[in-house]
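Listed below, chain by chain, are the residues.
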Amino acid sequence: MFSNFDFQVIIDALPYLFLEGMVFTLKLTLLAALFGTILGTILALMRLSGVWPLPQIAGTYVNFVRSLPLLLVIFWFFFLVPFIAQKIVGSPRPIPIDPFLTALITFSLFEAAYFSEIMRAGIQSLPKGQVAAGYALGLSYPQVMRRIVLPQAFRNMLPVLLTQTIVLFQDTSLVYVLSLNDFLGIAGKIGQRDGRLTEMYLFVALVYFLISFAASQAVRRLQVHTAIIR
Amino acid sequence: MDKVVDWFSIFWQESAEGTGTYAYTLLLGLQLTLEISVIAAVVAFVMGSIVGVCRTLPSPLARRLSGGYVEFFRNIPLLVQLFLWYFVLPELLPRDIGMWLKQVPYSNFYTAAFGLGLFTSARVAVQLSAAITSMPRGQKLAATALGLTTRQSYTSVLLPMAYRIVFPPLTSELLNLIKNSSVALTIGVAELTQSARNMDSYTFQTFQAFTAATLIYLALNILVTMVMRRIEHGVAVPGMLVAK
Amino acid sequence: MNTAATTPNSAAKQSSGVPVIEMIGVSKWYTPEFQVLDSCSTSVQKGEVVVVCGPSGSGKSTLIKCVNALEPFQQGDIFVEGVKVNDRATDLPKLRSRIGMVFQNFELFPHLTIMENLTLAQRKVLKRGKDEADAKARKLLQRVGLSDQAPKYPGQLSGGQQQRVAIARALAMDPVAMLFDEPTSALDPEMVSEVLDVMVELAREGMTMMVVTHEMGFARKVADRVIFMDLGAIVEDVPTEDFFGSPRSERAQLFLSKILSH
């Protein structure tokens with residue numbers, strides 16, 4: 001059934017696919033995971049702070065974002081960001097923003113909601129006595145968070161955070177709808193141009209599979225490793 | 001007040017597609033979203049249950065097959081999976097079947113529904129098998145000691161409890177599934193998100209169109225959460241913890 | 001400094017100026033219907049060892065957690081060396097750093113080594129230099145007999161060892177008083193004595209201590225006073241000999257007969 005397959009198309013496209021497309025995808029994934037984790041941690045701390053109105057603000061944001069499809073959020077941001085930039089700069093008309101930057105803002109803000117739930121679970125799963133012990137030693141709230149709570153929550157949740165990053169890696173393929181030059185986007189464009197969509201999509205699926213599978217196996221090994229230490 | 005009426009008036013305009021008002025366009029989109037979600041949920045539940053049980057069976061073959069199934073569906077982006085089913089599969093099948101597949105009416109709708117169902121089934125399978133293995137080993141032993149066969153111990157002892165344990169995570173999988181159904185727009189299904197985009201491209205009232213879709217998704221989310229919580233409490237075993 | 005306290009029950013400590021800990025009519029409610037502390041008043045003088053006992057749920061753990069404001073309370077006042085705990089203006093971290101606390105579940109920080117557990121607060125709260133903090137930590141580890149464990153992580157130690165580290169961690173802050181919240185009740189029986197030995201030695205050196213415990217042997221040996229609590233109230237607050245000799249309340253008698261029959 002592969003008799004009329006044209007593998008040359010894939011081979012010819014390899015440099016473009018990886019040096020351009022996969023670099024875009026990986027850059028977007030890693031940066032969005034980084035900013036998402038930072039924002040998510042802040043949201044989780046706000047949510048658990050008990051200082052009105054921080055928990056309400058963070059909770060509303062997280063629940064709101066989490067009930068929307070990522071695609072709709074992507075459309076929203078690509079529509080809104082130029083207007084927001086206009087407001088910030090005070091320009092007379094919407095400012096076109098670099099698509100990568102817009103995608104990065106979108107995914108960071110979207111993923112922050114998911115990462116914040118992970119960090120919140122991590123913080124809440126710590127025994128209450130840990131916080132009490134920190135206070136009893138005279139540490140202040142920021143010190144207790146920074147030295148005792150967050151390092152432990154982060155370490156305990158690392159496998160989950162990484163798994164979420166693998167999901168994010170796959171989710172970045174959705175920028176296809178904006179015809180950006182991510183891995184899938186470029187494969188689609190080449191496939192369309194050469195009339196070889198079958199080959200290109202099969203190859204894309206294989207690459208996504210190999211990367212995600214290898215990454216999730218690595219996370220599993222990490223999980224076993226940390227489980228032993230604890 | 002007038003301003004508010006103004007703001008909403010766009011929804012009562014006849015749509016450019018000539019099938020009714022824009023509000024009606026959005027409702028049609030919602031209907032497609034719901035239809036895809038229902039079919040996908042059934043597929044996900046049935047396949048997820050079968051594969052999830054296989055993951056816990058002693059047979060190495062069952063474990064390996066179910067393991068491969070889960071890895072396949074979990075490690076390829078949903079969008080790419082839909083493309084595989086929609087564009088690639090008909091090319092790989094024997095010519096006649098492939099041609100027939102391409103001509104099935106609403107093939108993009110069914111591809112989206114089943115594709116989404118299979119994608120979600122892998123996640124359901126993981127949750128279910130985790131729930132089964134998390135149950136005390138004594139449960140399985142007790143069932144076996146009573147003379148139940150493997151099949152009987154699953155259907156009458158392990159699964160009834162396991163389904164209750166996975167109820168909360170299954171609820172969030174259902175919510176994910178509804179959100180993920182928007183990916184169907186990539187193969188040309190005018191579900192809710194796409195119908196908002198259609199309205200946008202005819203009217204340029206982007207803000208209104210997206211706001212309407214957003215509110216509908218929010219409402220759907222709240223509704224499903226409430227219904228699932230109702231069911232969860234309804235099937236709860238007295239004396240076991242249920243989240244408030 | 002600690003001239004008063006080489007032997008328990010010396011009358012001298014009872015009258016040495018401002019008490020280290022003073023509680024006046026402390027009451028606490030979890031909900032309007034559910035009261036956990038019912039106007040508790042007592043005081044602990046410098047060098048004094050006070051054991052707090054009572055049936056579970058009597059509020060004894062809650063009471064000592066009020067001393068360093070780990071638990072808020074709605075009524076009454078607590079003073080530590082004359083400083084009001086329940087005053088918004090009080091610098092709580094500073095006050096807490098002057099009172100050592102040992103928890104039922106040790107609460108060592110699992111992501112830090114034993115050494116780091118002992119030096120974290122010294123450096124961040126007391127602003128001690130690394131060398132000074134390390135030296136102090138080493139001295140205290142030696143004192144609790146765990147010098148060789150410094151580079152390990154808490155998870156690698158037994159329960160008894162962890163609790164001794166926790167005591168050393170509290171002592172590293174040079175506290176004016178130590179609070180113990182059921183320090184031996186999460187331990188396997190064979191590890192109880194290694195922890196109690198450290199506590200006895202501490203008491204003999206004149207440390208001011210407030211100890212929630214069911215270890216009546218410990219109470220008899222080193223306590224100056226015993227406080228018996230029930231249903232959130234202090235039922236008895238008497239010298240140790242009186243408590244074991246002839247508890248006045250029926251509830252305390254019942255409690256003692258249950259505890260001592262084991």
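Everything quoted here is computed from the prediction, not taken from an experiment.

Student: Would you take a moment to explain the sheet that holds strand 6 (residues 99-102) of chain C for this structure?
Tutor: In a beta sheet, neighbouring strands are held together by backbone hydrogen bonds and run either parallel or antiparallel to one another. Residue and element names in this part refer to chain C. Across the sheet, 6 strands lie side by side as 6-7-8-3-9-10; this open sheet has mixed pairing. The strands lining the two open edges of the sheet, one partner per strand, are strand 6 and strand 10 (233-239). For this sheet, the mean angle separating the axes of adjacent strands, direction not counted, is 15°. In the sheet, strand 9 (residues 225-230) pairs with strand 10 via 6 bridges, with the strands oriented antiparallel. Of the residues in strand 10, the one forming a bridge with Phe228 is Glu236. Running at roughly 100° to strand 9, helix 9 (residues 250-260) makes contact with strand 3 (49-53), strand 9 and strand 10 of the sheet.

Student: Quick question: what am I supposed to make of the interface of chain C and chain A here?
Tutor: Think of interface size as the accessible area that goes away when the parts come together; that is how it is often given. At the interface, 19 residues of chain C touch 18 residues of chain A. Where chain C abuts chain A, roughly 1,700 Å² becomes buried across the two surfaces, and 67% of that area is made up of carbon and sulfur atoms. Of all residues in chain C, C:Phe109, C:His111 and C:Lys124 give up the largest surface area on contact with chain A, accounting jointly for 32% of the area buried on that side. Along the contact surface separating chain C from chain A lie 0 salt bridges. Here chain C is connected to chain A by 4 residue pairs in polar contact (both at pLDDT 80 or more). Among the secondary structure elements, those contributing two or more residues to the side of chain C that touches chain A are helix 2 (92-97), strand 6 and helix 3 (114-124) of chain C. Counted by class, the side of chain C that touches chain A contains 12 nonpolar, 3 polar and 4 charged residues.

Student: I keep staring at the pattern of salt bridges and nothing clicks. Help me out?
Tutor: When the charged atoms of two side chains lie near each other, side chains of opposite charge can form a pair. Residue and element names in this part refer to chain C. Applying the stated rule across the entire model yields 22 salt bridges over all chains. A salt bridge links Arg225 to Glu48, with the nearest nitrogen and oxygen atoms 2.7 Å apart. Placement of Arg225 in strand 9 and of Glu48 in the loop between strand 2 (35-44) and strand 3 is noted, with a sequence separation of 177 residues between them. Classification of Arg225 as buried rests on a relative accessible area of 11%. When its relative accessible area of 0% is taken as the criterion, Glu48 is described as buried. With a shortest N-O distance of 2.6 Å, Lys136 and Asp174 are connected by a salt bridge.

Student: What am I meant to see in the confidence of the model for chain B here?
Tutor: Detailed reading of the predicted model is not advised wherever pLDDT is low. Mean pLDDT over chain B: 89, with 95% of residues reaching 70 or higher. In the model output, the complex is listed with pTM 0.86 alongside ipTM 0.92.

Student: Whenever I open this one, a nonpolar patch on the surface confuses me. Can you help?
Tutor: Nonpolar side chains collect at one region of the surface, where A:Leu34, A:Phe35, A:Ile38, A:Leu39 and A:Ile42 lie side by side and expose about 430 Å² of accessible area between them. The residue A:Ile38 is located in helix 1 (residues 7-49) in this model.

Student: What's the story with the packing of aromatic side chains in this structure? I'm lost.
Tutor: Where two aromatic rings form a pair, the distance of their centres and the angle of their planes describe that pair. Taken as a whole and judged by the stated rule, the model has 28 aromatic pairs over all chains. Consider the rings of A:Phe209 and A:Phe213, whose centres lie 5.4 Å apart with planes at 10°: the pair is stacked. Residue A:Phe209 and its partner A:Phe213 are both found in helix 8 (residues 197-229); the two are separated by 4 residues, about one turn of the helix. Here a set of aromatic residues connected by ring pairs shows up, and it is made of A:Phe75, A:Trp76, A:Phe79, A:Phe83, B:Phe207 and B:Phe210. Above the ring of A:Phe100, the side-chain terminus of A:Lys27 is found at 5.0 Å from the ring centroid. Between the NZ or CZ atom of C:Arg169 and the centre of the ring of C:Phe109, over which it lies, the distance is 4.5 Å.

Rules and cut-offs
- All residue numbers here refer to positions counted from 1 along the written sequence of the relevant chain.
- Lettering of chains starts at A and numbering of ligands starts at 1, both following the order in which they are written.
- Per-residue local features of the predicted model are confined to residues with pLDDT of at least 70, and side-chain atom pairs are confined, for both listing and counting, to 80 or more; whole-chain, interface and lining totals are unaffected and use all residues.
- Hydrogens are left out, water is left out, and the side-chain values use all remaining heavy atoms of the structure.
- If DSSP finds at least two bridges between two strands, the strands pair.
- Think of it this way: any DSSP run of H or I at least four residues long counts as a helix, any run of E at least two long counts as a strand, and we number them from the N terminus.
- Here an axis means a line fitted to C-alpha atoms, over the contact stretch when the element is a helix, while the angle between two N-to-C directions is reported on a 0 to 180 degree scale.
- Two residues form a contact once any of their heavy atoms are found within 4.5 Å.
- The term buried area means the drop in 1.4 Å probe accessible area that two parts suffer when joined, counted for both and summed.
- In what follows, salt bridge is the name for a side-chain nitrogen of Lys or Arg lying within 4 Å of a carboxyl oxygen of Asp or Glu.
- For this analysis, a polar contact is any N or O atom pair within 3.5 Å, provided that within protein one partner can donate a hydrogen and the other can accept it, and provided that sequence-adjacent residues contribute only side-chain to side-chain pairs.
- When residues are grouped by polarity, Ala, Val, Leu, Ile, Met, Phe, Trp, Tyr, Cys and Pro land in nonpolar, Asp, Glu, Lys and Arg in charged, and all others, Gly among them, in polar.
- When a residue's accessible area, from a 1.4 Å probe over protein chains only, is under 20% of the maximum for its type it is buried; when over 50% it is exposed; and in between it is partly exposed.
- Confidence per residue, as judged by the predictor, is encoded in pLDDT with a range of 0 to 100.
- A patch consists of residues whose relative accessible area exceeds 30% and which take part in no salt bridge; residues with like charges are grouped when within 9 Å of each other, and nonpolar side chains (Val, Leu, Ile, Met, Phe, Trp, Tyr) when within 5 Å.
- We get accessible surface area from the Shrake-Rupley algorithm with a probe of 1.4 Å; when it comes to residues, only the shown protein chains can shield them.
- Aromatic pairing here means that ring centres of Phe, Tyr or Trp (its six-membered ring) are within 6.5 Å. Orientation follows from the plane angle: under 30 degrees is stacked, over 60 is edge-to-face, and everything else is tilted.
- Only when the NZ atom of a Lys or the CZ atom of an Arg is both within 6 Å of the ring centre and within 35 degrees of the ring normal do we say a charge sits over the ring.

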